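Take a look at the letters that make up each chain.
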Amino acid sequence: MEKKIMAAAMAAVVMFALGSCAESSVGENEALVDVGASDSVGVVTANDVVQSMAESMAQSMFESMVEGIEESVTEGTTVSTAAVTTASTSEAATEETTEAETETSKTFSDIFVRKSEDESHTLTIDSEIFPYDCEEIVIKVETEIARYIEVDTYKYIDLGNLKNYPNLKRLTVTDTNAQGRPFIKLINGDSAAGLENLEEITLQRVVWEEDWLSGIGSLKKLSIEYCYDYSGEFLENLKQVETLYLYRCAVSDLSFINGMSSLRELTLDQIKLNNASFDGVEDNYSVKRLRFLENSYYIGDDKYSLT
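Starting from 1, residues in each chain are numbered consecutively following that chain's sequence as written. Given that this is a predicted model, residues contribute local features only at a pLDDT of at least 70 and side-chain atom pairs are listed and counted only at 80 or more, while totals for whole chains, interfaces and linings are drawn from all residues. The basis for every side-chain value is the complete set of heavy atoms in the structure, and neither hydrogens nor water enter the calculation.

Engineer: I tried to follow the nonpolar core on my own but got confused; where do I start?
Structural biologist: The tendency in soluble globular proteins is for nonpolar side chains to be buried as a group. Residues enter a nonpolar core if they are buried and are Ala, Val, Leu, Ile, Met, Phe, Trp, Tyr or Cys, with the set joined through side-chain atoms within 4.5 Å. Partly exposed residues are those whose accessible area sits between 20% and 50% of the maximum for their type, while under 20% is buried and over 50% is exposed, using a 1.4 Å probe and protein chains only. Ranked by size, the top nonpolar core spans 49 residues in total, and within it I201 and W208 carry the most contacts. Secondary-structure elements contributing two or more residues to this core are β5 (136-141), β7 (170-175), β8 (184-187), β9 (200-204), β11 (221-225), β12 (243-247) and β13 (265-269). Here this core takes three residues from β5, the largest share from any one element. In this view, I201 contacts L171, W212, L213, I216, L219, K221, L222 and S223; residues no more than four positions away in its chain are not counted. A run of H or I in DSSP becomes a helix once it reaches four residues, and a run of E becomes a strand once it reaches two; helices and strands are each numbered from the N terminus. Throughout, a residue-residue contact means that at least one pair of heavy atoms, one from each residue, lies within 4.5 Å.

Engineer: Would you take a moment to explain the packing of aromatic side chains for this structure?
Structural biologist: One pair of aromatic rings is described through two measures. These are the centre distance and the angle between the planes. Note on aromatic contacts: the rings of Phe and Tyr and the six-membered ring of Trp form a pair at centre separations within 6.5 Å, being stacked when their planes are under 30 degrees apart, edge-to-face when over 60 apart, and tilted otherwise. Evaluation of the coordinates by the stated rule reveals seven aromatic pairs. On the basis of an interplanar angle of 65° and a centroid distance of 6.5 Å, the ring pair of Y226 and Y228 is categorised as edge-to-face. Through a chain of ring-to-ring contacts, three or more aromatic side chains come together here, namely Y226, Y228, Y245 and Y247. Our definition puts a charge over a ring when NZ of Lys or CZ of Arg is within 6 Å of the ring centre and also within 35 degrees of the ring normal. A cation over an aromatic ring shows up here: R205 above the ring of Y226, its NZ or CZ 4.0 Å from the ring centre.

Engineer: Please explain the pattern of salt bridges as it appears in this structure.
Structural biologist: Opposite charge on two side chains permits pairing when their charged atoms draw close. In the sections that follow, a salt bridge refers to a side-chain nitrogen of Lys or Arg positioned within 4 Å of a carboxyl oxygen of Asp or Glu. This structure, assessed with the given rule, holds four salt bridges. Ionic pairing is found between K106 and D133, a salt bridge with its closest N-O pair at 3.5 Å. Placement of the pair is K106 in the loop between α2 (46-104) and β3 (107-112) and D133 in the loop between β4 (122-124) and β5, with a sequence separation of 27 residues. For D133, a relative accessible area of 38% translates into the label partly exposed. One salt bridge in this structure joins E265 and R289, with 3.9 Å as the shortest N-O distance. Within this pair, whereas E265 is found in strand β13, its partner R289 is found in strand β14 (residues 289-293), the two being separated by 24 residues in sequence.

Okay, structure coming up:
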């Protein structure tokens, strides 16, 4: 901006110089100019006229250039401000999006190890770990490491507090010990019967005795994995389940399909299947996809396979 103002000043100097040149070119021959008849006759010389015109033009040009510079600066400031405003708005939008994503992230996972001084051996769902408004709960029980650090492990997982989680959509309960057989028992699972949003459950290396799954009317997807002692009890009562995944379970009788009127997809992965497994299976036209994965499996001395 300073350079532009200096340029305007230089232009004014040039105009004044032009005026001076005009004055010198007139020389000593001065022309009289009559500006009107009156009591007072105004007489000016030609060089005065030229110099006056030069001064006027220079002043006009200088003011015009300064005005243009001010407008340019103002416009530049406006654009710059708009750019800053846009950037600020963008950053604010990004922050709002991040906050929204954080707020909508309702998944909570924790790993539990039982300490030896605690005699109950029962894991209870704690609202301080799993907030009541959460949408997904992942309970992982570490029993393998617990043996190495000389602590007693959990024997029970009490699901009684599930009734306090009305927004719950997904539940995962797993024993992380990949070496031993499952021994952790689920109790008070009927607490989940009143949950209207619980659509997906995954159970790994656990056991249960009660028919608590059939009471969850909203349940659509069920996965039972590494439950070596589970032979499919109560599966025929799961009329609401649409997707069922069984992995390394002791299921050898597939007649439960008859009662699963909403079943759309069934995956059987490394379970105790043989030709007799289909005895008693009636037509179930709701099943659209049936998958057998590695359909031979050894349990103890018995071999189960499809021929």
